[in-house]
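Examining the three-dimensional arrangement
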2 protein chains.
Amino acid sequence: MPGKNNSNIPEVVVQRLPQYVRALTQLHNRNIEVVSSKELGDALGVTPVQIRKDLSYFGRFGKQGRGYNVVFLLQELRHVLGLDKQWTAAVIGIGRLGSAILSYPGFGQEGFNMVAAFDSAPLGIGSRIGELIVQNIDELERTVKSKAIDIVIIAVPAEQAQSVTDRVVKCRVKAILNYAPIKVQVPSDVRVREIDPVLALQSMTFHLKSLHD
Amino acid sequence: MPGKNNSNIPEVVVQRLPQYVRALTQLHNRNIEVVSSKELGDALGVTPVQIRKDLSYFGRFGKQGRGYNVVFLLQELRHVLGLDKQWTAAVIGIGRLGSAILSYPGFGQEGFNMVAAFDSAPLGIGSRIGELIVQNIDELERTVKSKAIDIVIIAVPAEQAQSVTDRVVKCRVKAILNYAPIKVQVPSDVRVREIDPVLALQSMTFHLKSLHD
């Protein structure tokens, strides 16, 4: 957005924005044209004050008491997040999980195109999953360059995750989605997001335990 | 922990604790006996000040300048989170994703035992996955009670997620792990965690876009 400097936006706000996009898309699909910060907050589980504060980083989207225009806000946030572009992704580690990731239609629908798959096990290399042939991990460097891969998804066992990550970082990939149940270390200019259902469960047992005590 | 009231602990701290447990477990596996808040912070990507502040909610774990005893801190945090107990979980929606969840060894290793699987499609009902037979969703209410299910994992398509959630809530289940790409609404005494890799990717493209601009 003109005149706005992205680097001033707190990371916690950046991480909430995709939830805004998802909620606004649902409202749009239900033909809702205008939404108040109260309604949007209810849908997202945050306060209206938080909604207004978050959105204020990106410009003026609504008029006091009038609510937000759903289509306009959705378009702007999609643009801010870069969701109006197509992105290329590769998966490393084609076991049960990696195969499920490659087969999940939700990525392509949202503009994340799986363009390569890698494994190190001789058994898997050369097999076909959807439209991709699983490549030898040794072809990683060359393929990241030739296919201009933006994002790498790591689905290898925990003990291999750091060495695979190091290799990905050397290819100058700046975004990693890590499914391995380990925190990987990366330079500060590389973003990592983790998908770890066990961590999610463990933060709920804290509350379950209180019910039992 | 004696004298501590769990309800005063900010939710953001609760959600960080499982990461502490994971990092401490890795240190323990490497035979490291004492860790400073600086080292723990480096491993987790947070500041030492944050570490000390987070842990202060649960009692006094370290002495100034001495660092934390890894085994003791690990035991205490596992107790705080209820990870020294076994928990029962059921999966609803046994497609490709639900099958992968049921087959993932990481849950059982961490004390989350999959004790039931449900689907609504006549084709899948009755099929065996590991040690479980997929049950008709109509048996949900009875099975949640008879097997004392603590946690339900939802792996149905987005358009069914809310109605399935409503049904789970009626069974008095207080913890839901939602893999459907939609925010489900629940009463305030029910905890929901979402696993949505698309949201994770979308919060990274914000940064990738800045690199391209």
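A word on the overall build of chain A
Within chain A, the secondary structure is distributed over nine helices and 10 strands. For chain A, the spread of C-alpha atoms along the three principal axes comes to 60 × 55 × 35 Å. Residue pairs in contact within chain A that sit at least 24 positions apart in sequence constitute 57% of those at least 6 positions apart. Of the roughly 10,600 Å² that chain A leaves accessible, carbon and sulfur atoms contribute 51%.

Regarding the sheet that holds strand β4 (residues 87-92) of chain A
Residue and element names in this part refer to chain A. Within the open sheet, the seven strands sit side by side as β6-β7-β5-β4-β8-β9-β10. Their pairing is mixed. The open sheet has two edge strands, β6 (128-129) and β10 (191-194), and neither has a second partner. Pairing analysis gives three bridges linking strand β5 (residues 112-119) to strand β7 (residues 132-136), with the strands arranged parallel. Bridged to A117 within β7 is V134.

Considerations on the pairing of β7(A)
Residue and element names in this part refer to chain A. The pairing of β6 with β7 spans two bridges and is antiparallel. Its bridge partner lying in β7, I129 is registered against L132. As consecutive antiparallel partners, β6 and β7 are separated by two residues, and within that stretch G130 has a phi angle of approximately 60 degrees, a positive value.

Thoughts on the sheet that holds strand β10 (residues 191-194) of chain B
Across a sheet, strands are paired by hydrogen bonds formed along the backbone, either parallel or antiparallel in direction. All names here are of chain B. Strand order across the open sheet formed by seven strands is β6-β7-β5-β4-β8-β9-β10, with mixed pairing between neighbours. The open sheet is flanked by β6 (128-129) and β10, the only strands paired with a single partner. As judged from the six bridges shared by strand β4 (residues 87-92) and strand β5 (residues 112-119), these two strands associate in the parallel manner. Bridge pairing in β5 links V91 to A117.

Points about the relation of the copies chain B and chain A
Aligned on chain A, chain B shows an RMSD of 0.0 Å; the corresponding rotation is 180 degrees and the shift along the axis is 0.0 Å. Expressed as a symmetry operation, the mapping of one chain copy onto the other fits a two-fold axis. Nearest to the rotation axis, the C-alpha of B:I195 is located 3.5 Å from it, this being the minimum over chain B. A share of 100% of the interface residues of chain B reappears at the interface of chain A, consistent with the copies meeting face to face through the same patch.

Quick look at the nonpolar core
One finds A:I151 and B:I151 to be the most contacted residues of the largest nonpolar core, which totals 50 residues. Ignoring anything within four residues of it in the chain, the contact list for A:I151 reads A:W87, A:T88, A:A89, A:A90, A:F112, A:V173, A:A175, B:L201, B:M204, B:T205 and B:L208.

Focus on the interface of chain B and chain A
Taken together, the contacts link 62 residues of chain B with 63 residues of chain A. When chain B packs against chain A, close to 5,700 Å² is buried across both sides, 67% of that on carbon and sulfur atoms. On the chain B side of the contact with chain A, B:R22, B:F206 and B:K209 bury the most area, a combined 13% of that side's loss. Run the count over chain B and chain A and you get four salt bridges. In this structure, B:E194 engages A:R22 in a salt bridge whose closest nitrogen and oxygen atoms are separated by 2.6 Å.

A word on the packing of aromatic side chains
Under the criterion given, the structure shown has two aromatic pairs over all chains. Consider the rings of A:Y104 and A:F107, whose centres lie 5.1 Å apart with planes at 90 degrees: the pair is edge-to-face.

Points about the packing of helix α9 (residues 197-212) of chain A against helix α4 (residues 70-81) of chain B
Where α9(A) meets α4(B), the axes come as close as 7 Å, and the angle between the chain directions of the two elements is 65 degrees. One element, α9(A), and the other, α4(B), form an angle in the roughly perpendicular class. Residues A:Q202, A:T205, A:F206 and A:K209 of α9(A) pack against B:H79, B:V80 and B:L81 of α4(B). When grouped by side-chain class, the residues that make up the contact of α9(A) with α4(B) number three nonpolar, three polar and one charged.

Some thoughts on the domain arrangement of chain A
By domain assignment, chain A separates into domain 1 (6-81) and domain 2 (87-196). The centre of domain 1 of chain A, based on its C-alpha atoms, is set 31 Å off from the matching centre of domain 2 of chain A.

Side note on unusual backbone geometry
Residue and element names in this part refer to chain A. One non-glycine residue with positive phi stands out, namely N31, at about 65 degrees. Positionally, N31 belongs in the loop between α1 (11-29) and β1 (34-35). By relative accessible area, N31 is classed as exposed at 66%.

Describing the side chain of B:T165
With respect to the helices, strands and loops of the structure, B:T165 is situated in helix α8 (residues 158-170). For B:T165, the contacting residues outside a window of four places in its chain are B:I154, B:I176, B:V184, B:Q185 and B:V186.

About the thresholds
- Residues numbered from 1 in each chain as written.
- Chains lettered and ligands numbered in written order.
- Predicted model: local features only at pLDDT ≥ 70, side-chain atom pairs only at ≥ 80, totals over all residues.
- Heavy atoms only, no water.
- Helix = DSSP H or I, 4+ residues; strand = E, 2+ residues; numbered from the N terminus.
- Contact = heavy atoms within 4.5 Å.
- Areas by Shrake-Rupley, 256 points an atom, 1.4 Å probe, with all protein chains shown as cover.
- Pairing = 2+ DSSP bridges.
- Least-squares fit on C-alpha atoms with pLDDT ≥ 70 in both.
- Core = buried A, V, L, I, M, F, W, Y, C linked by side-chain atoms within 4.5 Å.
- Buried < 20%, exposed > 50% of the residue type's maximum accessible area, 1.4 Å probe, protein only.
- Buried area = accessible area lost by both parts, 1.4 Å probe.
- Salt bridge = Lys/Arg side-chain N within 4 Å of Asp/Glu carboxyl O.
- Phe/Tyr/Trp six-rings, centres within 6.5 Å; stacked < 30°, edge-to-face > 60°.
- Axes fitted to C-alpha atoms, helices over the stretch in contact; angles between N-to-C directions.
- Parallel < 35°, antiparallel > 145°, perpendicular 65-115°, else oblique.
- Nonpolar A, V, L, I, M, F, W, Y, C, P; charged D, E, K, R; others polar.
- Domains from an automatic or database assignment.

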